[in-house]
Amino acid sequence: MKTWLFTTFIMVATILLGCTPISKEDVLLKLSDHAKYIETYVIENELSLHTKAANSYKEQLGQLTIKGEINLKESKGFIEMYEDYSSGTYETFAYFNGTDYAVNWYGDGWSTDMGAVANLHTYFLTDYHLLIQAIELIEMNDDAVLIDMEDYYSLTLDAPTTQPFESFARSLGITLNEELISDMSVTLEIEQHTFFLTKITFMVREEIDGIQHETVIQITYSQINEPLQIKKPFQIEAQEISL
């Protein structure tokens, strides 16, 4: 009788108090391990640059947005890149199917000057696995904070030095200048049930001649593993590029 009561008490306590909290190390391990289940997704990359002088409002200098429908399983995708600067706005499009691809730089016509589809993924940051490999290079020390947001985990590392982020930034083609940087952080949003990455935000703040420069890169994943209708732009056929 006593054994039954004790077992029942443990079961009720577990339900009321919840399971043992997961560690940030386990979250990162599951993030890396579950990447192998990713097949399709819609990705949006946003890079924005702001400046702020003393006693002034923050001013946006420019923004770059990349949107893509990606099917990694079939190596197929369509990518759009929009650049908005004070000097003007620009559009670039890319399409790949298997090992073949074509890129339309700023509307000047389709070309195959990227060497390989892998280079295209690296340039536009559209391969989920490449980003996970970069995240694995971040030195998530004791300052990293993991928060359970019910539907997802939020993991943030805010560091005053570039050391935890150097390898991560280098793998993304970003150069960090220790002497100029005043603050930087990375925040991951990881879906709890699948451990798929849904958003990453990387912020770098620099101080140059009394003016604060803030660069923010935000990458969002949606429609993960849902069917995507990726269509080849008809202009490619019109230009007689075989894909």
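Criteria and thresholds
- Residues numbered from 1 in each chain as written.
- Predicted model: local features only at pLDDT ≥ 70, side-chain atom pairs only at ≥ 80, totals over all residues.
- Heavy atoms only, no water.
- Buried < 20%, exposed > 50% of the residue type's maximum accessible area, 1.4 Å probe, protein only.
- Helix = DSSP H or I, 4+ residues; strand = E, 2+ residues; numbered from the N terminus.
- Pairing = 2+ DSSP bridges.
- Polar contact = N/O pair within 3.5 Å; in protein donor to acceptor, adjacent residues only side chain to side chain.
- pLDDT = per-residue confidence, 0-100.
- Contact = heavy atoms within 4.5 Å.
- Core = buried A, V, L, I, M, F, W, Y, C linked by side-chain atoms within 4.5 Å.
- Patch = residues over 30% accessible without salt bridge, like charges linked within 9 Å, V, L, I, M, F, W, Y side chains within 5 Å.
- Areas by Shrake-Rupley, 256 points an atom, 1.4 Å probe, with all protein chains shown as cover.
- Salt bridge = Lys/Arg side-chain N within 4 Å of Asp/Glu carboxyl O.
- Axes fitted to C-alpha atoms, helices over the stretch in contact; angles between N-to-C directions.

**With respect to the pairing of strand E5 (residues 100-104)**
Then step 1. By the criterion of burial, E5 is predominantly enclosed, with four of the five residues buried.
Then step 2. Two strands pair when backbone bridges link them, and strand E4 (residues 88-97) and E5 are joined in this way by five bridges, in the antiparallel orientation. In the strand pairing of E5, phenylalanine 96 is matched with tyrosine 101.
Then step 3. Where E4 folds back on E5, the antiparallel hairpin that results is connected by two residues, among which glycine 98 adopts a positive phi of roughly 70 degrees.
Then step 4. As judged from the two bridges shared by E5 and strand E6 (residues 110-111), these two strands associate in the antiparallel manner. Note that in E6 the partner of asparagine 104 across the bridge is tryptophan 110.
Then step 5. Between the antiparallel neighbours E5 and E6 lie five residues, among them tyrosine 106 with a positive phi of about 55 degrees.

**Topic: the side chain of histidine 34**
Then step 1. Along the polypeptide, histidine 34 turns up in helix H2 (residues 24-34).
Then step 2. For histidine 34, a relative accessible area of 19% gives the class buried.
Then step 3. Among the polar contacts listed, one links the side chain of histidine 34 to the backbone oxygen of threonine 194, at a separation of 2.7 Å.

**Examining the confidence of the model for the protein chain**
Then step 1. Model confidence for the protein chain is summarised by a mean pLDDT of 87, while 87% of its residues fall at 70 or above.
Then step 2. Segment residues 1-18: pLDDT under 50, and two contacts once partners within four positions in sequence are set aside and those in other chains are kept.

**Some remarks on the environment of glutamine 223**
Then step 1. The residue glutamine 223 is located in the loop between strand E11 (211-222) and helix H6 (234-238) in this model.
Then step 2. On a C-alpha basis, the gap between glutamine 223 and threonine 40 in space is 7.6 Å, while along the polypeptide they are 183 residues apart.
Then step 3. If we ignore the near neighbours within four places in the chain, the residues touching glutamine 223 are Thr40, Tyr41, Val42 and Leu228.

**Let's talk about the nonpolar core**
Among soluble globular proteins, nonpolar side chains are generally buried collectively.
Then step 1. Ranked by size, the top nonpolar core spans 52 residues in total, and within it Tyr128, Ile135, Leu188 and Leu197 carry the most contacts.
Then step 2. Apart from the residues within four sequence positions on either side, leucine 188 is in contact with Leu28, Leu31, Ile135, Met140, Tyr153, Ser154, Leu155, Leu197, Lys199 and Ile200.
Then step 3. Core analysis: the next-biggest nonpolar cluster, separate from the first, contains eight residues, Ala102, Trp110, Leu228 and Ile236 among them.

**What about a nonpolar patch on the surface?**
Then step 1. A surface patch of nonpolar side chains, amounting to about 270 Å² of accessible area, comprises Tyr85, Tyr90 and Tyr106.
Then step 2. Accessibility expressed as a relative area gives 32% for tyrosine 85, which makes it partly exposed.

**A few points about the pattern of salt bridges**
A pair can form between side chains of opposite charge whenever their charged atoms are brought close.
Then step 1. By the definition in use, this model includes three salt bridges.
Then step 2. Between arginine 205 and glutamate 214 there is a salt bridge; the shortest N-O distance is 2.7 Å.
Then step 3. Through salt bridges that share partners, Asp183, Arg205 and Glu214 make up one connected network.

**A word on the sheet that holds E11**
Then step 1. Across the sheet, which stays open at both edges, the 11 strands sit in the order E6-E5-E4-E3-E2-E1-E11-E10-E9-E8-E7 with antiparallel pairing between neighbours. Each having just a single partner strand, E6 and strand E7 (145-148) make up the two edges of the open sheet.
Then step 2. As judged from the 10 bridges shared by strand E10 (residues 197-208) and E11, these two strands associate in the antiparallel manner. Each residue of the ladder has a partner; that of lysine 199, found in E11, is threonine 220.
Then step 3. Strands E7, strand E8 (152-159), strand E9 (181-191) and E10 of the sheet are contacted by H2, whose axis makes an angle of about 65 degrees with E9.
Then step 4. Relative to the sheet, helix H3 (residues 117-124) contacts strand E1 (40-53), strand E2 (59-71), strand E3 (76-85), E4 and E5, its axis offset from that of E4 by approximately 145 degrees.

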